[in-house]
Amino acid sequence: MRIRTTTFPASSALDDVPFSVFEQIVGALKIAKADEIAGLHQGKTTYPPCPDVRHWPDRAFEIGHNVHAPPQGLGSLKTAIKATHASKGYGTFADDQLMICCGATHGLKMAADSVLQPGDEALILSPQWLFAHGVLKSCNAVVRETPIFLELCKNPELDIHTYLEETVSPRTRLIYFNTPNNPTGYSMTRMQLQALVSFCRDKGIWLVADNAYEFYDYSPQGFIDARDLDGGDEITFSIYSFSKSYIMPGYRVGYLISPTSRSADIQKRGLHTVYSVATPSQYGAWQALKAPQKQLAFQHEETFERAQIAQSCLNVPHLGFSGGFYLFLDLSALGPGGQKPFYQTLLEHGISLAPGQAFGTGMENYARLCFTAVERDLLSKSIQKINEIYSARIAVAA
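Residues numbered from 1 in each chain as written. Predicted model: local features only at pLDDT ≥ 70, side-chain atom pairs only at ≥ 80, totals over all residues. Heavy atoms only, no water.

Caption draft 1: Structural view of the overall build of the protein. Assigned secondary structure in the protein consists of 14 helices and twelve strands. In terms of overall dimensions, the protein is globule-like: its C-alpha atoms have a radius of gyration of 22 Å, near the 21 Å expected for 398 residues. Across its three principal directions, the C-alpha atoms of the protein cover 70 × 60 × 50 Å. A buried classification covers 54% of the 398 residues belonging to the protein. (Helix = DSSP H or I, 4+ residues; strand = E, 2+ residues; numbered from the N terminus. Rg over C-alpha atoms; globule rule 2.2 N^0.38 Å. Buried < 20%, exposed > 50% of the residue type's maximum accessible area, 1.4 Å probe, protein only.)

Caption draft 2: Looking closely at the pairing of strand 5 (residues 172-178). Of all the seven residues making up strand 5, six are buried; the element is thus mostly covered by neighbouring parts of the structure. Relative to strand 5, strand 3 (residues 121-125) is paired through four bridges, and the arrangement is parallel. Looking at strand 5, one finds that A122 is bridged to L174. Looking at chain direction, strand 5 and strand 6 (residues 206-210) are connected through five bridges and run parallel. In the strand pairing of strand 6, N178 is matched with D210. Viewed along the sheet, the connection from strand 5 through helix 7 (residues 190-203) into strand 6 turns out right-handed. (Pairing = 2+ DSSP bridges. Right-handed = clockwise from strand over helix to strand, strands pointing away.)

Caption draft 3: The arrangement of helix 12 (residues 293-313) in detail. Taking 1.5 Å as the rise per residue, helix 12 with 21 residues should run 30 Å; its terminal C-alpha atoms sit 30 Å apart, in good agreement. Taken together, the buried positions of helix 12 are occupied by L296, Q299, E302, T303, R306, A307, I309 and A310. One side of helix 12 holds all its buried residues, which, seen down the axis, span an arc of 160°. Among the exposed residues of helix 12, those oriented more than 90 degrees off its buried face are Q293, K294 and S312. (Expected span 1.5 Å × (residues − 1). Arc of directions from axis to C-beta.)

Caption draft 4: Local environment of the environment of V316. With respect to the helices, strands and loops of the structure, V316 is situated in the loop between helix 12 and strand 9 (326-330). Between the C-alpha atom of V316 and that of Y390, which follows or precedes it by 74 residues, the distance is 7.1 Å. V316 has contacts with L329, D330, L331, I386, N387 and Y390, leaving out every residue within four places of it along the chain. (Contact = heavy atoms within 4.5 Å.)

Caption draft 5: Geometry of the sheet that holds strand 5. Read across the sheet, seven strands follow the order 2-8-7-6-5-3-4 without closing on themselves; strand pairing throughout is mixed. Edge positions in the sheet fall to strand 2 (98-101) and strand 4 (142-146), since each has one partner strand and no second. Averaged over neighbouring strand pairs, the angle between their axes works out to 20° when direction is ignored. Summarising the sheet, strand 3 and strand 4 pair through five bridges and their orientation is parallel. Residue pairing for strand 4: A122 is matched across the bridge by V143. (Axes fitted to C-alpha atoms, helices over the stretch in contact; angles between N-to-C directions.)

Here you go:
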């Protein structure tokens, strides 16, 4: 009997994209024989979630929990989002520009698919959110990275126009970035953002602004959405998430504000990907937007205070902080090959950091520490242990 050996064609777009390194870290923490576990690798918080959908009173929302929502999103939620933007002084937008999506990941995927053709180039301003590269690769784009956030940390006066002029190519169709930046903690200034917007507009390049940490911007000017700057609304896809601001990552809900020229296309992509975001998730988001200001103020202030604790305790060199949940540690003094034993020893003590290579090409000498992932006491104790292990490894490297 002959065995058929026909090879069926398939996409290879993600063949060289690794799975999340976090799975290995979680496995290592489970077998650690430490008295306490401090998972500082993942971007999470110890704060209580803003919504609670476990009890859904009759007629509490515009539709029942078992009824699917309209593909573009429920009217009550969209109205609440627009009101929240207005209260913060953000720019306005039309109803059809607003698309409720299945988390920021879905928003990025729709935006990129909307403007990229196979073989087009997407440029990531790195270091970046660890799944951005894979999402853009899944659009059959040629993905490149440029470490502008490291450059900005060293030199806030960097000429962004000149920097990008030397970085983009004639094939560049989209630039992705996030600010406050995950993982560096750097928040771009109004002048820097305007330079980015103006450059993209002049070059005919779409801009995707990942605003997941907009609620935790501690820079002097506060958060600024690129779409609200001169010319920004014509070229910018602005992505927002409820995961960080309202402590509800498991709900998988966010929203995308599109340029008017792409809004109809985005509506179609929402319809033909998830159809609509789960109604209970949209109800939770609607609830969250009504959260008491006291609770939101606590999250905002507690995050800043934990950032201060982490910076004051940490002896490992790290970049400056102006927003988000993270410090980006510079481990270059450990020398070639010194990072792996450093991480391994930390894991044996029940402490994890996110390896820098998860956040972009050339980031092997860095590590991300999430200071909101554990309570204050454990954070301080964990950083003391990080300092001890780092000092010991430095001595070995010397």
